[in-house]
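Descriptive structure summary
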Amino acid sequence: MSLERTVTLVPEAGLHARPASKFVEAVNDHEAEISIGRPGEDPVQANSMIAVTSLGIEHGDDVHLVADGEDAEAALDELERILTTPEEEAAT
């Protein structure tokens, strides 16, 4: 089953090294194929740190997530939490 979700990125610095690392780590912790991209653009595989950071997603940008697999909903829930939590809160 394929699930989709669009979320607005909250961390002030965008999807740079630290949040991208947490994001990719969470992707790899789930049994699902996940892609990420800007709405209307070609997505990239979300399990690649290089692919995720190369999107250049900034604070306030919308991102479109697609997850396919037995763990898809749990994966999207966790990824949405990572993308919508201010970095200061995520660091504590």
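Okay, so let's go over this structure. (Residues numbered from 1 in each chain as written. Predicted model: local features only at pLDDT ≥ 70, side-chain atom pairs only at ≥ 80, totals over all residues. Heavy atoms only, no water.)

**Section: the packing of helix 1 (residues 17–28) against helix 3 (residues 72–83)**
Just so we agree on the cut-off: Axes here mean lines fitted to C-alpha atoms, for a helix over just the part in contact, with angles spanning 0 to 180 degrees between N-to-C directions. By definition, any uninterrupted DSSP run of H or I lasting at least four residues is a helix, any uninterrupted run of E lasting at least two residues is a strand, and each is numbered from the N terminus. The labels follow the angle: roughly parallel below 35 degrees, roughly antiparallel above 145, roughly perpendicular from 65 to 115, and oblique for the rest. Any pair of residues with heavy atoms lying within 4.5 Å of one another is described as a contacting pair. Each residue receives one of three labels: charged for Asp, Glu, Lys and Arg, nonpolar for Ala, Val, Leu, Ile, Met, Phe, Trp, Tyr, Cys and Pro, and polar for the others, Gly being one of them.
Relative to each other, helix 1 and helix 3 sit at 175 degrees, their axes nearing to 10 Å. Judged by the angle between their axes, helix 1 and helix 3 are roughly antiparallel. When helix 1 is examined against helix 3, the residues Pro19, Lys22, Phe23, Ala26 and Val27 are found in contact with a partner set consisting of Glu78, Leu79, Ile82 and Leu83. Residue composition of the contact of helix 1 with helix 3, grouped by class: 7 nonpolar, no polar and 2 charged.

**Thoughts on the pattern of salt bridges**
Note that side chains of opposite charge can pair when their charged atoms are close. Put simply, the rule reads: By definition, a salt bridge exists where a carboxyl oxygen of Asp or Glu is found within 4 Å of a side-chain nitrogen of Lys or Arg. Note on exposure labels: buried denotes an accessible area under 20% of the residue type's maximum, exposed denotes more than 50%, and partly exposed covers the range between, all computed with a 1.4 Å probe on protein chains only.
By the definition in use, this model includes 4 salt bridges. For Asp77, the salt bridge goes to Arg5, with nearest N and O atoms at 2.9 Å. One end of the pair, Asp77, is in helix 3; the other, Arg5, is in strand 1 (residues 2–8), and 72 residues separate them in sequence. Asp77 gets classed as partly exposed once you look at its relative accessible area, which sits at 40%. One salt bridge connects Asp61 with Arg38, and the closest N-O pair in it is separated by 2.9 Å. Taken together, the residues span a long stretch of sequence, with Asp61 in the loop between helix 2 (49–54) and strand 4 (62–68) and Arg38 in the loop between strand 2 (33–37) and strand 3 (44–45) at a distance of 23 residues. Of the residues examined, Arg38 reaches a relative accessible area of 23% and is grouped as partly exposed. Residues participating in the shared-partner salt-bridge network are Arg5, Asp77 and Glu80.

**Structural notes on the sheet that holds strand 1**
Within a sheet, adjacent strands bond to each other through the backbone by hydrogen bonds, running parallel or antiparallel. Quick reminder of the rule: Pairing between two strands is assigned when DSSP locates at least 2 bridges connecting them.
Strand order in the open sheet made by the 4 strands is 1-4-2-3, with antiparallel pairing throughout. Two strands in the sheet have a free side with no partner beyond their single neighbour: strand 1 and strand 3. Pairing of strand 2 with strand 3 involves 2 bridges; the strand directions are antiparallel. The residue of strand 3 that forms the bridge with Ile36 is Val44.

**Let's talk about the environment of Val10**
Turning to its location among the elements, Val10 is positioned in the loop between strand 1 and helix 1. With 72 residues separating them along the chain, Val10 and Ile82 place their C-alpha atoms 8.9 Å apart. Those residues in contact with Val10 that lie beyond four places of it in its chain are His59, Leu83, Thr84, Thr85 and Pro86.

**Comments concerning the side chain of Thr85**
The cut-off we apply is this: A 3.5 Å cut-off defines polar contacts: any pair of N or O atoms within that distance qualifies, except that in protein one atom must be a possible hydrogen donor and the other a possible acceptor, and neighbouring residues in sequence count only when both atoms are side-chain atoms.
Looking at the element boundaries, Thr85 is found in the loop between helix 3 and helix 4 (87–91). Thr85 gets classed as buried once you look at its relative accessible area, which sits at 16%. Of the polar contacts made by the side chain of Thr85, one reaches the backbone oxygen of Arg81; its length is 2.5 Å.

**Some words on the environment of Leu83**
Summarising the element assignment, Leu83 is placed in helix 3. C-alpha of Leu83 to C-alpha of Thr8: the two residues are 75 residues apart in sequence and 7.3 Å apart in space. Those residues within four positions of Leu83 in sequence are excluded, and the remaining contacts are Val7, Thr8, Leu9, Val10, Pro11, Leu15, Phe23, Val63 and Leu65.

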